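Chain by chain, the residues:
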Amino acid sequence: MRLRSTPFTRRIERRVLEFIRSRHLLTVGERALLAVSGGPDSSALLVILSRLREELGVQITVAHFDHMLRSRKEAAADLAYVRGLAAALELPLACGRGDVAGRARREGQSVETAARALRYGFLKREAKAHAASVVMLGHTLDDQAESVLLHIIRGSGLDGLAGMRPRSPWPFGRGPDVARPLLALGREETERYCRDVQLQPKQDPTNELLIATRNRVRHEVLPALRALNPRVGEALARLAEAAASDVDYLRDATEEKWRRLAKVTRDEVSFPRRALSALPPALVARLVRRAVAELL
């Protein structure tokens, strides 16, 4: 497999490099596990990071998970594609599979929830096996825009408006960090990147798991908003970044008040009433949520 380099692909690679450095997504010497489904976003991420790995000083292992929701022939073709790409880039590959439909039936879960649990379980195990401190995902600026809109529709608070962070803690308890280097790029850019390097990505199987609401946001709401603002995806991404900055400030302020005011025992958390009532409502709400989390 021979991959091309063009002026466009080099510009994209520099943008991703600048995003990684400005958001401190990776540190020199870090080991990363890169989740690759075979779709355009994760394929682009794999090639970009493989070309940047020496400059970033990181080691990469590729991870591919089969949800067992497609035919054996389709799943085998996806795996063969990812295996060939990893081999061409001289990167190690870890493979896994899980019976998503079976888990959904047994646990009474949606297929999306079951798929997420099995996929993240696989990624956590492989990250540990390969001593990786971060799992890299191929979420793009368009995914961020969809997530922010979904949180708005559900009546989310400020934390929801922050959307997906460039780098964040593991979403299920203890585990490696999660990083998203492609939040700087739109989906059309990752698709063009694949065309320019002469890749033919597979259909991303995770797209089949989109919940109905996200599908409507992707195919109905965002196109309607683009008619009002062609760069609405970038606008929503800026909103997420601004909200994330405010959330971080409030989190730090909450931690400072918690250390000073909270009295924690085995059965209760208490605060001095006068000190609590003097605080802004935003901090009071966060302290109460922190107390509930502490007790649970």
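Residues numbered from 1 in each chain as written. Predicted model: local features only at pLDDT ≥ 70, side-chain atom pairs only at ≥ 80, totals over all residues. Heavy atoms only, no water.

**Student:** Explain unusual backbone geometry residue by residue, including any values.
**Tutor:** Residue methionine 68 is not a glycine yet carries a positive backbone phi of 60°. Tracing the backbone through its elements, the reader meets methionine 68 in the loop between strand S2 (59-66) and helix H3 (72-88). Positive phi is not limited to glycine here, since glutamate 90 has a value of about 60°. Position of glutamate 90 relative to the elements: it lies in the loop between H3 and strand S3 (93-97). Residue classification places glutamate 90 among the exposed positions, given a relative accessible area of 68%. (Helix = DSSP H or I, 4+ residues; strand = E, 2+ residues; numbered from the N terminus. Buried < 20%, exposed > 50% of the residue type's maximum accessible area, 1.4 Å probe, protein only.)

**Student:** Before we move on, could you go through the environment of valine 36 and cite the residues and values that matter?
**Tutor:** Relative to the assigned elements, valine 36 resides in the loop between strand S1 (31-35) and helix H2 (40-56). Under the relative-accessibility criterion, valine 36 is labelled buried at 2%. The sequence separation of valine 36 and alanine 63 amounts to 27 residues, and the corresponding C-alpha distance is 5.9 Å. Other than its neighbours up to four places away in sequence, valine 36 contacts Ser42, Leu46, Val62, Ala63, His64 and Val82. (Contact = heavy atoms within 4.5 Å.)

**Student:** Any details on the pattern of salt bridges? Residues and values, ideally.
**Tutor:** What the rule picks out here adds up to 27 salt bridges. Linking glutamate 30 and arginine 167 is a salt bridge whose minimum nitrogen-to-oxygen distance equals 2.8 Å. With glutamate 30 in the loop between helix H1 (7-22) and S1 and arginine 167 in strand S5 (residues 167-168), this pair connects stretches of sequence that are 137 residues apart. Its relative accessible area of 7% is what places glutamate 30 among the buried residues. Linking arginine 218 and aspartate 143 is a salt bridge whose minimum nitrogen-to-oxygen distance equals 3.5 Å. Linking arginine 218 in helix H9 (residues 212-228) with aspartate 143 in helix H6 (residues 141-153), this pair joins segments that are 75 residues apart in sequence. The buried category is assigned to arginine 218, whose relative accessible area is 14%. We classify aspartate 143 as buried; its relative accessible area is 9%. (Salt bridge = Lys/Arg side-chain N within 4 Å of Asp/Glu carboxyl O.)

**Student:** If you had to explain H6 to someone new, which residues and values would you point to?
**Tutor:** Helical geometry note: an α-helix holds 3.6 residues per turn, so side chains three or four residues apart project in the same direction. With 13 residues, H6 should cover 18 Å at 1.5 Å per step; its first-to-last C-alpha distance of 18 Å lies within 8% of that length. Most of H6 sits inside the fold, with 10 of its 13 residues counted as buried. Residues of H6 that are buried sit in contact with H2, helix H7 (158-161), helix H8 (187-196), H9 and helix H10 (232-261). A positive backbone phi angle near 80° is found at glycine 155, which sits one or two residues after H6. (Expected span 1.5 Å × (residues − 1).)

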